[in-house]
Amino acid sequence: MKIIFLGTSHGIAEKGRFRTSMILETNAFSYIIDLGAPIGTLMKDRGISFENVRAAFITHMHSDHALNINEYIEWCNWLEDERSLYLPEKDDIKAVEDWIYATHCEELCARGKCVLKNVCDGKFYDDGNIAVTAIETHHLKRGKSFAYMVEGEGKKLLFTGDLQDSFADFPEIASEEDFDAIVCELTHFDVGNALLTLNNARTKRIIFNHVRDDKIAALKSCGDAVKFDYHIANDGDIIMV
């Protein structure tokens, strides 16, 4: 399995960082998690073929995770096979369809090669290559947000998405089952308060994404209190799991 980080910033893009988007590659297929970055340009720049993409999964509908939904849908409609886009809530499908109309993209999307679907709690996706399980978090004041557990190639990954400031919704499964890697946001919580939870995570490595400079500094200042191996992701990073 390979994780490619297209965008690693939080709600405000920072120097050298686009907003959040990742690609998971496994067995010659690709899956996109969040669409906050300009995926078309970034994939072209990195020689990543959109034809290998099977599905995209949105953790929640803040713009820094969902802004480039239209671009994904338009890309799908240039190709022959259907691809899926999973949205967190039922009402999101109509909202996306209305936005496509409002931006005069309905003709580009007329072929219907991007199928809009809803995420539901538990295992909601299994194409024989990867299985994706949704774990509800509580990042949003209004609406649903999810973490995603991805299993494939005998590996198990956890993508937390954005979490509450209290860190109380960090998925409990991280301390109950073994993971090859956890990709965790590093913007919304107090690092010192989260250390006990992160130290108890059963994972080989924590990769911090959706980062803020002050939170990076706070993590590095914790020194020996950090009991886990970690990596702070940058745009363009490719990490083998």
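Preceding this paragraph is the structure being described.
What comes next is a walk through the structure. Here the structure is a predicted model, which means the values were calculated and not measured.

Describing helix α5 (residues 191-199)
Side chains of residues three or four places apart in an α-helix project in the same direction, reflecting 3.6 residues per turn. What α5 keeps buried is the set Val191, Ala194, Leu195 and Leu198. End-on, the buried residues of α5 take up no more than an arc of 130 degrees, which puts them together on one face. Along α5, exposed side chains directed more than 90 degrees from the buried face belong to Asn193 and Leu196. Buried residues belonging to α5 abut β11 (181-186), β12 (206-211) and α6 (213-220). Of the residues that open α5, the one with a side-chain oxygen 3.1 Å from the backbone nitrogen of glycine 192 is aspartate 190.

Regarding the pattern of salt bridges
With the rule as written, the count across this model stands at eight salt bridges. A salt bridge links arginine 54 to aspartate 127; its shortest N-O distance comes to 3.0 Å. Taken as a pair, arginine 54 in strand β4 (residues 53-57) and aspartate 127 in the loop between β7 (122-126) and β8 (131-137) lie far apart in primary sequence, 73 residues in all. Its relative accessible area of 29% is what places arginine 54 among the partly exposed residues.

A closer look at the sheet that holds strand β14 (residues 238-240)
Sheet architecture is open: seven strands sit in the order β6-β5-β4-β3-β2-β1-β14, paired in mixed fashion. With one partner strand each, in any of the chains shown, β6 (114-118) and β14 form the two edges of the open sheet. Taken pair by pair, the neighbouring strands of this sheet meet at an average axis angle of 20 degrees, ignoring direction. Across five bridges, the pairing between strand β1 (residues 2-7) and strand β2 (residues 21-26) is antiparallel. Counted as the bridge partner of glycine 7 is serine 21 from β2. Packed on one face of the sheet, helix α3 (residues 69-77) meets β3 (29-33), β4, β5 (83-87) and β6 and runs near 160 degrees to β5. Contacts from helix α4 (residues 90-102) reach β5 and β6 within the one sheet, and its direction differs from that of β6 by about 150 degrees.

About the criteria used
- Residues numbered from 1 in each chain as written.
- Predicted model: local features only at pLDDT ≥ 70, side-chain atom pairs only at ≥ 80, totals over all residues.
- Heavy atoms only, no water.
- Buried < 20%, exposed > 50% of the residue type's maximum accessible area, 1.4 Å probe, protein only.
- Helix = DSSP H or I, 4+ residues; strand = E, 2+ residues; numbered from the N terminus.
- Arc of directions from axis to C-beta.
- Contact = heavy atoms within 4.5 Å.
- Polar contact = N/O pair within 3.5 Å; in protein donor to acceptor, adjacent residues only side chain to side chain.
- Salt bridge = Lys/Arg side-chain N within 4 Å of Asp/Glu carboxyl O.
- Pairing = 2+ DSSP bridges.
- Axes fitted to C-alpha atoms, helices over the stretch in contact; angles between N-to-C directions.

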